[in-house]
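# Structural features, examined
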Amino acid sequence: MRFIGCKTLLLDNIKAVVDEKAPEAKTFCDIFSGTSTVARYFKQWYEVYSNDLLYFSYVLQRGTIECDSIPDFSALKRHLHTADPLDYFKSLSMEEMETLPREKRFFQNTYAPTGGRMYLNDANALRIDYARNYAEYWKEHGLLTDDEYYYLLACIVEGIPFVSNISGTYGAYHKEWERRSYKIYEPYRLPVVTNGKNNQCFNMDGALLLKQICGDVLYIDPPYNERQYLPNYHVLETAARYDFPEVKGVTAQRPYENNKSDFCLKTKVVSAFDQLICNAKFRHIILSYSTDGLMTPQEIESVMKKYGRPETFKIYWIPYRRYKSREQSEKEALKEMLVYIEK
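The rules behind these values
Residues numbered from 1 in each chain as written. Predicted model: local features only at pLDDT ≥ 70, side-chain atom pairs only at ≥ 80, totals over all residues. Heavy atoms only, no water. Salt bridge = Lys/Arg side-chain N within 4 Å of Asp/Glu carboxyl O. Helix = DSSP H or I, 4+ residues; strand = E, 2+ residues; numbered from the N terminus. Buried < 20%, exposed > 50% of the residue type's maximum accessible area, 1.4 Å probe, protein only. Axes fitted to C-alpha atoms, helices over the stretch in contact; angles between N-to-C directions. Parallel < 35°, antiparallel > 145°, perpendicular 65-115°, else oblique. Left-handed = near helix turned anticlockwise from the far one by under 90°. Contact = heavy atoms within 4.5 Å. Nonpolar A, V, L, I, M, F, W, Y, C, P; charged D, E, K, R; others polar. Phe/Tyr/Trp six-rings, centres within 6.5 Å; stacked < 30°, edge-to-face > 60°. Lys NZ or Arg CZ within 6 Å of the ring centre and 35° of its normal.

## So, the pattern of salt bridges
Within this structure, the stated rule accounts for 20 salt bridges. For K305, the salt bridge is made with E301, and the minimal N-O distance between the two is 2.6 Å. Here K305 pairs with E301, and both are found in helix α14 (residues 297-307), just 4 residues apart, close to one helical turn. A relative accessible area of 28% means that E301 is categorised as partly exposed. When salt bridges that share partners are traced, they join E24, R283, R309, E311 and E342 into one network.

## Structural notes on the packing of helix α3 (residues 55-66) against helix α9 (residues 146-159)
Running from N to C, α3 and α9 cross one another at 120 degrees; their axes reach a closest spacing of 8 Å. The orientation of α3 relative to α9 falls into the category oblique. When the axes of α3 and α9 are compared, the crossing they make is left-handed. Side by side, α3 and α9 meet where Y55, F56, Y58, V59, L60, R62 and G63 of the first sit next to D146, D147, Y150, Y151, L153, A154, V157 and E158 of the second. For the contact of α3 with α9, the per-class residue count stands at 10 nonpolar, 1 polar and 4 charged.

## Concerning the packing of aromatic side chains
Scanning the model with the defined rule gives 29 aromatic pairs in all. Centroid distance Y149 to Y150: 5.2 Å. Interplanar angle 75 degrees. Geometry classified as edge-to-face. Owing to a relative accessible area of 9%, Y149 belongs among the buried residues under this scheme. The buried category is assigned to Y150, whose relative accessible area is 15%. Among the aromatic residues, ring-to-ring pairing joins F106, F107, Y111, Y119, Y170, Y173, Y242 and F244 into one connected group. Taking NZ or CZ as reference, K15 lies 4.4 Å from the ring centre of W45, over its face. Directly above the aromatic system of W317 lies the positively charged group of K335, at a separation of 5.8 Å from the ring centroid.

Shown next as structure tokens:
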């Protein structure tokens, strides 16, 4: 999934720091999990705790981290007389999906040409509506366990960016149809790593969660800049919640006052970071940040040394030349940094 600040390219770098500094570690916490890329990766070796304030992120985590294997959908299979719900959705014709009542088609009525917008074409919006309506129906009628429900939702959400008419986020849609928009939407069958451990996922403020949990390695990947995440991923949030929100404006934004992050506010970011590190009951802390972030390296060092052992503080500089900051000169390469300290 395309996501602001996704750490797919840095997974090996993060693992190298963990191996160097915390070879004895048994638990790993991804406190700002986003697409859960990091949490899924480290589930191979550790008991994982993951968290994010956004519900669609929680759905992705809950379906692939707390679930320790791909669910078998046994009750639903007997009901559908088919292999599983993902195959069932793929097998449906447009005529069969057109039986969904108009008032239940939130995506088609809001994000597609039927609703005056072009995030998705009408057919794909209807496919998403059909899948989400039936996921809720099956859950309400006892045909899905919690693990099955969240895995199914995760697959439904994960498939949406593959057919979305956007550049990268849902802050706006293209006024002409891009090539990916013509693909047929399908839920994306996500892999699940089985580690046999008590992995846990959360959907809450990270600083508050750190008062409740403890462990070995805490990985922190907060927002870098002033762009709040929910406005950029509101379509995925609505797909996960399917709560028929009152949307506003040309881009159909859902309310997000309760989902604003202090890490996106220059006046509050250092204080928010200080509270996070203060609350952390983890021995090893690793922060991922960028040189164009709101916090300076000096501010980061000051906070981490305030609560950690100063002699263990270390910055690992990682050139990140695929992107250039608009704020920097063309000659200056944007850098990612991994910052370590022992609490």
